[in-house]
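# Descriptive analysis of the structure
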Amino acid sequence: MVFRIDRRQFLKSTIGLTVASALADTGNILGETGDIISPIPLPPTAQRKLIIILFGGGTRSSESIDDPQHRFIPHLWNRMVPRGTLFRHMRVEHKVVHPNSAGSIVTGHWEWDDIDWTRPVAHPTVYEIYRKKRAVSDTAAWAFVYASILAQTGESRAVGYGRNYAANIIEPPTIPRSTAEKMDHYMQQAARVGSPAAEEKATAICARLARDTSHIATTGMRSSPAREFVDEQYALWRTSSGTTSHDAFLAERAIGCLKRFSPDILTVAFGEIDCAHYGSWSRYVEAISRTDELTWKIWQATERLPAYRGKTLLLILPDHGRELDRPGSWGFIHHSDFYTNSGAD
C-alpha cells in the first residue's frame, strides 16, 4: 500500500501518532490524506518499542525507491517494504543539512535555522517526551549517531525538558589527524605498488592503526550503566579484526544495546552514504547497499528478541536527498546548492 503525504503531514501524523500511541492505549493507521482511517491493535503500553533508522548521509530516490531494479536496497525493497507502508513523498523543505534534518525528525519542528549545532535542539525530542511522561530511566532511550554534528539531537533546550530526560548518545570512535596522515601514506604506497595484495596489506595496517589510536566520546552518556556499556563495547571493537566502518560500529552497538537494556526508543543515524562528497560513484552506491544491509540486520535482531518481536514500530527515513543531475550541477556529489537551496532531490 502506498500513501502520499507531504513532510509536515508525515512529521505530525507519523511521529505524532508514534509518540501518542506509545503513551495511549490505542493506535491508528493513516489514510492517503494523512487522516486516521481505522484503529489498529497494539500490545500493552509497557511493551511497545520504537526504532528509528535514519538512512542517512543523503540518498537520492533515483538510487533507492525509484530505481526500477532497486539494485542498492534489496533488503529494504524485497523484504521490508512488503511488510510495511511506503511513503513515497517525504520532503525536506529547508536546507538539506544533516543535523537540521535529523533534529527535525526527532522533534517534528525545523531545527537550527542559524546552523549552530553546538546547542541542543530547540523543541522537545521524542526521547524527552517519552521519558518525562513515563518517568523511565535514561537506558530506555538511546541514539546512535554517525558524527559529532548530531550529538545534540538527543536533548533539547525546551523548558521542562533537557538533559534530565535526554537520550544516551553514542558516536563512533574517532582518530587523530596524525593517524589519518599515516593511513594516507600507507595507502599511497600500496597504490604505487599497484597490486591487490599490497592494497589488502595496507588496509589491514590502517585498520589496526585506527583501532590502536582511536578515542570514543562519552559525554553523551547519562548514567553509570550507560558509560559502562560504551566502555565495554569500545573495548570489544578495539580488539576485533573486522571492519572499521562507522555505520557497522553503530549497528553492532545498537543491537548490543537492544540485548542489554531493551530500550523503548532507539535511533540509529547512519551516515557513510555521505562519502559521495569525495566524488566516487562506486563508493556512494556501495554505502547505500551497506546501509540497506545494516538496517535489515537491526530488524532481524528485533525479530529474534522477545522484548521486540511483534511489539516494534520501525521507521526508516532518509535524512535528506542529494543534488539532481542537471547541467552545471555536481549531481550526487553534494546535497544541493547550499546557498540557493535549490537543485536537490
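It should be noted that the structure appears before, not after, this text.
Residues numbered from 1 in each chain as written. Predicted model: local features only at pLDDT ≥ 70, side-chain atom pairs only at ≥ 80, totals over all residues. Heavy atoms only, no water.

### Observations regarding the nonpolar core
Across soluble globular proteins, you tend to see nonpolar side chains buried next to one another. In this structure, Y127, W142, F144, I170, L266 and V268 are the most contacted members of the largest nonpolar core, which totals 68 residues. At 9 residues, the largest contribution of residues to this core is made by helix α9 (residues 281-304). Contact partners of F144, with chain neighbours within four places excluded, come to I170, L250, R253, A254, C257, L266, T267, V268 and A269. (Core = buried A, V, L, I, M, F, W, Y, C linked by side-chain atoms within 4.5 Å. Buried < 20%, exposed > 50% of the residue type's maximum accessible area, 1.4 Å probe, protein only. Helix = DSSP H or I, 4+ residues; strand = E, 2+ residues; numbered from the N terminus. Contact = heavy atoms within 4.5 Å.)

### Description of the environment of T125
For T125, the location among the structural elements is in the loop between α3 (98-107) and α4 (126-134). According to the relative accessible area criterion, T125 is buried, its value standing at 0%. Residues T125 and G103, spaced 22 residues apart in sequence, show a C-alpha to C-alpha distance of 8.2 Å.

### Some thoughts on the pattern of salt bridges
Tallied over the full model, the rule gives 13 salt bridges. E155 is the partner of R163 in a salt bridge, and the nearest nitrogen-oxygen pair spans 3.7 Å. Judged by its relative accessible area of 43%, R163 is partly exposed. For E155, a relative accessible area of 12% gives the class buried. (Salt bridge = Lys/Arg side-chain N within 4 Å of Asp/Glu carboxyl O.)

### Some details on unusual backbone geometry
Not every positive phi belongs to a glycine, and H70 is a case in point at roughly 50°. Inspection of the secondary structure assignment puts H70 in the loop between β4 (49-54) and α2 (74-80). Here S262, not a glycine, exhibits a phi torsion of approximately 50°, which is positive. As for its position among the elements, S262 is in the loop between α8 (246-261) and β8 (265-269).

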